Amino acid sequence: MASKLEALERGHDVEAFDCGVPVLNNWLRNTAFQRQQKGISRTWVLIDDDKPAQIIGFFAMAPRGVVPTEDLPGDMRKRMPKIVTGYTLTRLAVSAGMKGKGYGERLLNEAMEKVYRVAQQVGGFGLFVDAKDCAAAFYEKYGFEPFPDDPDTLVLRISDMDPYPLKDPEE
């Protein structure tokens with residue numbers, strides 16, 4: 001199965017997507033396209049080339065407003081202005097039938113690559129994640145650090161990223 005990433009469009013079958021987490025399923029079905037149309041966020045879907053309407057997984061991203069530096073993890077506070085900005089990975093999910101095949105990592109890598117490229121042009125401190133349903137451990141494996149007062153909010157400095165090489169779960 002060859003897969004590719006593309007921006008969410010009306011032709012994608014959001015109704016059939018089921019990651020096992022109702023709040024994420026509902027967000028994709030009822031909110032993602034509206035937010036995209038309004039320019040609030042952008043949603044990307046991973047699809048199978050042979051079944052282009054079927055969604056294997058998705059992620060959504062948006063700019064992040066100001067974050068007080070005092071909220072950041074320990075050493076990230078050093079020599080920084082009082083506030084920083086960046087980008088938020090607002091949602092990431094893989095369909096229940098495709099879990100355990102490396103697609104979550106692929107989606108995260110794609111998101112990180114997009115942020116890295118944009119930040120090279122316009123700046124930004126980090127990629128922030130507001131983890132849901134105990135997903136913080138997933139992000140920590142990739143270098144994200146939790147906020148001291150809110151362990152479900154994590155950040156990865158863009159300066160600590162290299163454009164992560166994508167691991168293709170099909171290899």
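Because the structure is a prediction, the values reported are computed rather than measured. (Residues numbered from 1 in each chain as written. Predicted model: local features only at pLDDT ≥ 70, side-chain atom pairs only at ≥ 80, totals over all residues. Heavy atoms only, no water.)

Chemist: Would you explain the pairing of strand β3 (residues 51-68) in this entry?
Modeler: Looking along a regular strand, one sees side chains alternate from face to face of the sheet. Bridge count between strand β2 (residues 42-48) and β3: seven bridges; the pairing is antiparallel. Paired with D48 across the bridge in β3 is K51. Linking two consecutive strands that pair antiparallel, namely β2 and β3, is a turn of two residues. The sheet contact formed by β3 and strand β4 (residues 83-94) spans ten bridges and is antiparallel. The residue bridging A60 from the neighbouring strand is R91, located in β4. (Pairing = 2+ DSSP bridges. Helix = DSSP H or I, 4+ residues; strand = E, 2+ residues; numbered from the N terminus.)

Chemist: Help me out: how do you make sense of the nonpolar core in this one?
Modeler: Membership of the largest hydrophobic core comes to 29 residues, with the highest contact counts inside it found for F59, L89, L108, L127, Y139 and F144. Counting only elements with at least two residues in this core, the list comes to β2, β3, β4, α3 (103-122), β5 (126-130), α4 (136-140) and β7 (150-157). Dropping the residues within four chain positions of it, L127 is found in contact with M61, Y87, T88, L89, M112, V115, F144, L154, V155, L156, I158 and M161. Residues V14, C19, W27 and A93 belong to the second largest nonpolar core, which totals 16 residues. (Core = buried A, V, L, I, M, F, W, Y, C linked by side-chain atoms within 4.5 Å. Buried < 20%, exposed > 50% of the residue type's maximum accessible area, 1.4 Å probe, protein only. Contact = heavy atoms within 4.5 Å.)

Chemist: Just checking my understanding: could you explain the pattern of salt bridges for this structure?
Modeler: Two side chains with opposite charge may pair up if their charged atoms get near one another. Counting across every chain of the model gives six salt bridges. A salt bridge links E113 to R117, with the nearest nitrogen and oxygen atoms 2.4 Å apart. In this pair, E113 and R117 are both assigned in helix α3, four residues apart and thus about one turn of the helix distant. For E113, a relative accessible area of 16% gives the class buried. Judged by relative accessible area, R117 falls into the exposed class, the value being 54%. (Salt bridge = Lys/Arg side-chain N within 4 Å of Asp/Glu carboxyl O.)

Chemist: Explain the side chain of R91 to me, please; I cannot follow it from the model alone.
Modeler: Locating R91 in the fold gives a position in strand β4. Salt bridges are absent for the buried R91, whose nearest opposite-charge side chain, D130, sits at 7.0 Å. Every residue in contact with R91, bar those within four places of it in the chain, is listed here: L24, W27, F58, F59, A60 and K132. (Lys, Arg positive; Asp, Glu negative; His and termini not counted.)

Chemist: Just checking my understanding: could you explain the sheet that holds strand β6 (residues 145-147) for this structure?
Modeler: The strands making up a sheet associate through backbone hydrogen bonding, with each pair oriented either parallel or antiparallel. As summarised here, the arrangement of the seven strands in space is β1-β2-β3-β4-β5-β7-β6, forming an open sheet in which the pairing is mixed. Each edge of the sheet is formed by a strand with only one pairing partner; in this case those strands are β1 (3-7) and β6. Neighbour to neighbour, the strand axes of the sheet diverge by 30 degrees on average, direction disregarded. In this fold α3 packs onto β1, β2, β3, β4, β5 and β7, with an angle of close to 155 degrees to the strand it touches most, β4. (Axes fitted to C-alpha atoms, helices over the stretch in contact; angles between N-to-C directions.)

Chemist: Help me understand the packing of aromatic side chains, please; the structure alone is not making it clear to me.
Modeler: The description of two aromatic rings rests on the distance between their centres and on the angle between their planes. Enumeration according to the criterion identifies six aromatic pairs in this entry. Ring centres of F17 and F58 lie 5.4 Å apart, and the angle between their planes is 75 degrees; this geometry places the pair in the edge-to-face category. Of this pair, F17 sits in the loop between β1 and α1 (22-30) while F58 sits in strand β3, placing them 41 residues apart in sequence. The structure contains a cluster of three or more aromatic residues connected by ring pairs, namely F138, Y139, Y142 and F144. Sitting over the face of the ring of W44, K114 holds its NZ or CZ atom 3.8 Å from the ring centroid. (Phe/Tyr/Trp six-rings, centres within 6.5 Å; stacked < 30°, edge-to-face > 60°. Lys NZ or Arg CZ within 6 Å of the ring centre and 35° of its normal.)

Shape descriptors only; they carry no functional weight alone.
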